[in-house]
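Topology and contacts: notes
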Amino acid sequence: MKRIVGQITAQSRRVITGLCVALLMVVWAAPAVHAQSVTVTAITIEGNQRVADGTILTFAGIDVGDTVSTAELNDAGQRIRDSGLFERVDVIPRGRVLLIEVVEYPTINLINIEGNARLRDAQLLQLVQSQPRRVYNPTQAEADTAAITQAYAQQGRINAVVTPRIIRLPDNRVNLVFEVIESAVTEIERVSFLGNRTFSDGRLRRVLDTKQAGIFRTLVSRDTYSPDRIARDRELLTDFYRSRGFADFVVQNVDVTLTNERDAYLVTFNLREGQRFSFADVSVRSEIPSVNAADFERAVKVRRGATYSPVPVDTDVDRIERLALQRGLNFVQVEPRITRNDRDLSLNVEYVLVPAPRIFVERIDIEGNGTTLDRVIRNQFRVVEGDPFNPREIRQSAQRIRALGFFQNASVDTRPGSSPNQVIVDVDVVEGPTGELSFGANFSSDTGFGLIASYRERNFRGRGQRFSFDISTAENNQRYGIGFAEPNLLGRDLRFGVDLSYRTTNNENALYDTEAVRLSPSLRFPVSENGRLSVFYALEYTDLSDVSDSASQIIQNEADEGAVTTHALGYNYSYDTRRTGLNPNAGIILRFGQEFGVGDAQFIKTTALAGAETKIFNEEVTLRATLEGGLLNYQDSSSRVTDRFFLNSRLMRGFDPGGIGPRDADTDDALGGNAFAVARFEAEFPLGLPSEYGISGGLFLDIGSVWDVGETGTANVLSNDPLARSVIGASIFWTTPIGPLRFNFTEPLDVQDFDNPKSFDLTISTSF
């Protein structure tokens, strides 16, 4: 019992001792806390030269008479520092007097950028927010450094190092210098795909804007990494697959990694293709009692068995809605309802006509167009103020505005109008450059080496008009041209154009010179979804000069007629489905035109072309076939060498200029013909080289002839009959930064003894 009491007593002593110690500490600390609070009776500020005392006191938030603690003094000092005006701030209590000592940041005298070669000073200084004659702020200087670094990263130089440095000057001034170490371009070393079973990596790479670094990496800008370009590539891949029947296609993610050396990117697109679908049943149904669905069935072009694509579905919807408007049905919209048949991988499409909300367009507001006139943008709308509102038409109008190519960015949105049944359409655009001035060179085996210069303006004086001026001077000919076009004459889809050209040839390849001037105004307008018709007038002046005494008698007789001026009326019709047809892998083009001479020279000149193109073997091989011909018929007189047809290498490969056709047996002069016909067949395919090299191969077969020189007199003319020639050949296509090159190697199959074949030709064209 005594032992227990003893233990309790010892424990009690320890507790009592601890409480006493704690009480003494509290008593000792209480006066100290009281001592850390001070009532300010005066404030002294030292070290400021530019910033007024009142400004500093405002930042501090302390007035004479305030009682402040140490924590509040620290807060006041931090508020002064946060102003960004001072390099150092000290808040010191001296009794009841508060001393604020500051060291002001210096003033920036000038800003320089050193070490930059790839980006000019003017480009980088636009990114710098620090300004001369303003206070230097290290936080802002760091932000400027980050902006310059980002500019280099956008150029593919992610390893660029930018260091801000200051050089002290008298009177508390500094020079701010950004030292740049640019580093090399961090290229995209490889673009690969995972999950693609149908199309090869090479085929998919040709879809993308992003390209792998190739042998011309210093010239090709698309081999640098850009997040915006990658986002665009996702859209391009999705459009590519879905237009080919892969309704469930999705880009799951894009993996972008740097190599260990940080000198290249590796980009991998992870894809889920899904299955390829085709169209099954396609029908039209109306949920509006007064509308008969059968009246709209003729507007449907999608057919059973065709490969699925959302493009023809949208086109059908547009046709049906336009037909409804033509029938006076304003508030009708079409909903394409698609049902899947997973067993046979087909899709049923039902176009359902449903009532649309009775909403009208109150007005169209356009902003951002400092150069382009409002009417140019309004011409892209098929609706005006007061018309029924159609969301699809507004979306298509936005696409047409972007397709003009006048704007860096164009957005079209809607917002509620002044009443519940009205909307306001807002168009916001950002003007972009629309002019192009280029100088360059070209080479052709036909005409030799030449220089070219051109100026093109797509938005002339902000009116949406087009103006162009071209000069081309080759060894054997020169051409000068001026063109002007108004694409929306009278606010309609009617294009007015006028072209003036001047051409000359010298006697490098012939025993005479030619001169021709042509002025031709024209009107062009759509006649169907893919068809265009143009009508024109042509005034042409032609002359033969410097005819050698050893030239053909036919040409000498034609030169004796002197200069000839002709007037003609004509038309051209074209039908092209290569980009707007239902099949993205195939298309046709048809052209037919006639020119009728009036006045002294009466003639009919007819030209025609029919071409088709398709892709096979999962779009790795492109097949093309073209038939082209012409016929010139003079009624009361005869044609001249300046009027007749010649087969150059564009029309038929494997021959020198004038290498086939009617020819004077005595002088070997090529005379041209009043008729020609050519059939061209070609296949283009990859050669197994990396796609970034831009090299592909081809095989071709050309069959054709030109004949009928007209009046021959006493001249001995060879090949005046339609004798067909044929050549086979191989091509190498090379897309280079200096222009597209094409090498043709040909071998004649069926030629005449007096023809002039050639085994090789090269064409190249570039602008810079």
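For every chain, the first residue of the written sequence is number 1, and numbering continues from 1 along that sequence. Local features in this predicted model are restricted to residues of pLDDT 70 or higher, and side-chain atom pairs are both shown and tallied only at a pLDDT of 80 or more, whereas totals for entire chains, interfaces and linings draw on every residue. Note that the side-chain values use all heavy atoms of the structure and ignore hydrogens as well as water.

**Observations concerning the overall build of the protein**
- Each helix is a run of DSSP H or I of at least 4 residues and each strand a run of E of at least 2, with the numbering of both proceeding from the N terminus. When you go through the protein residue by residue, the secondary structure sums to eleven helices and 35 strands.
- Taken against the 2.2 N^0.38 rule, which gives 27 Å for 768 residues, the C-alpha radius of gyration of the protein at 39 Å runs more than 25% over that of a compact globule.
- Dimensions of the protein along its principal axes, counting C-alpha atoms only, are 150 × 75 × 60 Å.
- Whether a residue is buried, partly exposed or exposed follows from its accessible area with a 1.4 Å probe, protein chains only, as a fraction of its type maximum: under 20%, in between, or over 50%, in that order. Counting only residues that meet the buried cut, the protein has 40% of its 768 residues in that class.
- Total accessible area computed for the protein in this model is approximately 40,900 Å², and 53% of it derives from carbon and sulfur atoms. Radius of gyration means the value over C-alpha atoms here, while the globule rule gives 2.2 Å times the residue count to the 0.38 power. Surface exposure here means Shrake-Rupley accessible area, sampled with a 1.4 Å probe, where a residue is shielded only by the protein chains that are shown.

**Points about the sheet that holds strand 5 (residues 97-104)**
- By the convention used here, strands pair only if DSSP detects at least 2 bridges between them. Overall, mixed pairing links the three strands, which are arranged 2-5-4 in an open sheet. What marks the edges here is a single partner per strand, and that holds for strand 2 (42-46) and strand 4 (86-94). Sheet twist, expressed as the average angle between the axes of neighbouring strands with direction ignored, equals 15°.
- On the sheet, helix 2 (residues 53-60) packs against strand 2, strand 4 and strand 5 and is oriented at approximately 115° with respect to strand 2.
- Note on contacts: a residue pair is in contact if any heavy atoms of the two residues lie within 4.5 Å. Helix axes are fitted to C-alpha atoms over the stretch in contact, other axes to C-alpha atoms as well, and angles between N-to-C directions run from 0 to 180 degrees. Sitting on the sheet, helix 3 (residues 70-82) is in contact with strand 4 and strand 5, with an inclination near 160° to strand 4.

**Things to note about the packing of aromatic side chains**
- Centre distance within 6.5 Å is the pairing criterion for rings of Phe, Tyr and Trp, where only the six-membered ring of Trp is used; planes under 30 degrees apart are then read as stacked, over 60 as edge-to-face, and the remainder as tilted. The final tally for this structure, using the stated rule, is 22 aromatic pairs.
- These aromatic residues form a ring-pair network of at least three members: Phe199, Phe240, Tyr241, Phe246 and Phe249.
- The side chain of Arg327 reaches across the aromatic face of Phe296, ending 5.8 Å from its centre.
- Two thresholds decide whether a charge sits over a ring: the Lys NZ or Arg CZ must be within 6 Å of the ring centre and within 35 degrees of the ring normal. Between Arg653 and the ring centre of Phe700, over which it is positioned, the NZ or CZ distance is 4.0 Å.

**Topic: the confidence of the model for the protein**
- On average, residues of the protein score 86 in pLDDT, and 90% of them are at 70 or above.
- Per-residue confidence from the predictor is reported as pLDDT, which spans 0 to 100. Predicted confidence for residues 1-9 stays below pLDDT 50, and this span has zero contacts to residues more than four positions away or in other chains.
- Overall, residues 23-35 carries pLDDT values under 50, and its contacts beyond four positions in sequence, including any with other chains, amount to zero contacts.

**Digging into the sheet that holds strand 16 (residues 407-416)**
- One open sheet accounts for three strands, arranged 15-17-16; its pairing is mixed. The open sheet has two free edges, formed respectively by strand 15 (360-367) and strand 16, since each of these has just one partner strand. The average undirected angle you get between the axes of adjacent strands in this sheet is 15°.
- The pairing of strand 15 with strand 17 (residues 422-431) spans seven bridges and is parallel. Bridge assignment links Val361 to a residue of strand 17, and that residue is Val423.

**Here's the deal with helix 7 (residues 227-242)**
- One fewer than the residue count of a helix, multiplied by 1.5 Å, yields its expected span. For helix 7, built from 16 residues, the straight-helix expectation of 22 Å at 1.5 Å per residue is met to within 8% by its first-to-last C-alpha distance of 23 Å.
- Listed as buried for helix 7 are Ile230, Asp233, Leu236, Leu237, Thr238, Phe240 and Tyr241.
- Those residues of helix 7 hidden inside the fold are in contact with strand 9 (187-194), helix 6 (201-205), strand 10 (250-258) and strand 11 (264-272).

**Section: helix 10 (residues 391-403)**
- The end-to-end C-alpha distance of helix 10 is 19 Å, a good match for the 18 Å that 13 residues give at a rise of 1.5 Å each.
- If you follow the buried residues of helix 10, they end up packed against helix 8 (310-326), helix 9 (374-378), strand 16 and strand 17.
- Identification of polar contacts relies on pairs of N or O atoms within 3.5 Å, with a donor-acceptor requirement for protein atoms, meaning one able to donate a hydrogen and the other able to accept it, and with residues adjacent in sequence counted only if both atoms are side-chain atoms. Where helix 10 starts, the residue carrying a side-chain oxygen 2.9 Å from the main-chain nitrogen of Arg392 turns out to be Asn390.
- Once helix 10 finishes, Gly405 follows within two positions and takes phi at roughly 80°, a positive value.

**So, the environment of Asn159**
- Position of Asn159 among the secondary structure elements: in the loop between helix 5 (138-154) and strand 7 (161-169).
- What makes Asn159 partly exposed here is its relative accessible area of 27%.
- Measuring from C-alpha to C-alpha, the distance between Asn159 and Ala608 comes to 57 Å, with 449 residues separating the pair along the chain.
- If we ignore the near neighbours within four places in the chain, the residues touching Asn159 are Ile181, Ser183, Thr186 and Arg262.

**With respect to the pairing of strand 21 (residues 477-486)**
- Relative to strand 21, strand 20 (residues 465-474) is paired through eight bridges, and the arrangement is antiparallel. Bridging across to strand 21, Phe467 finds its partner in Phe484.
- Pairing geometry for strand 21 and strand 22 (residues 495-505), over ten bridges, is antiparallel. By the bridge assignment, Asn477 is partnered in strand 22 with Thr505.

**Some thoughts on the side chain of Asn744**
- Mapped onto the secondary structure, Asn744 falls in strand 34 (residues 739-750).
- For Asn744, a relative accessible area of 4% puts it in the buried group.
- A distance of 2.6 Å separates the side chain of Asn744 from the side chain of Ser731, its partner in a polar contact.
- Within polar-contact distance, the side chain of Asn744 engages the side chain of Arg742 at 3.0 Å.

**What about a nonpolar patch on the surface?**
- Here a patch means residues that are over 30% exposed by relative accessible area and free of salt bridges, tied together within 9 Å if like-charged and within 5 Å if nonpolar (Val, Leu, Ile, Met, Phe, Trp, Tyr). By definition here, a salt bridge exists when the distance from a side-chain nitrogen of Lys or Arg to a carboxyl oxygen of Asp or Glu is within 4 Å. On the surface, Leu437, Phe439, Tyr455, Phe469, Ile482, Leu500 and Leu519 cluster together to form a nonpolar patch covering roughly 600 Å² of accessible area.
- Along the chain, Ile482 turns up in strand 21.

**Description of the nonpolar core**
- Within the largest apolar cluster, 22 residues are counted, with the highest numbers of intra-cluster contacts made by Phe279, Val284, Phe296, Ile320, Val334, Tyr351 and Leu353.
- Of all the secondary structure elements, the ones that give two or more residues to this core are strand 12 (278-286), helix 8, strand 13 (332-341) and strand 14 (346-355).
- The dominant element in this core, judged by the number of residues it contributes, is helix 8, at five residues.
- Side-chain atoms within 4.5 Å link the members of a nonpolar core, which is a set of buried Ala, Val, Leu, Ile, Met, Phe, Trp, Tyr and Cys residues. With 21 residues, the next largest nonpolar core counts Ile188, Phe199, Leu204 and Phe240 among its residues.

**Considering the side chain of Asn270**
- Looking at the element boundaries, Asn270 is found in strand 11.
- Assessed through its relative accessible area of 15%, Asn270 is described here as buried.
- Of the polar contacts made by the side chain of Asn270, one reaches the side chain of Asn253; its length is 2.5 Å.
- Contacts of Asn270, omitting those with residues within four sequence positions, involve Leu194, Val250, Val251, Gln252, Asn253 and Asp255.

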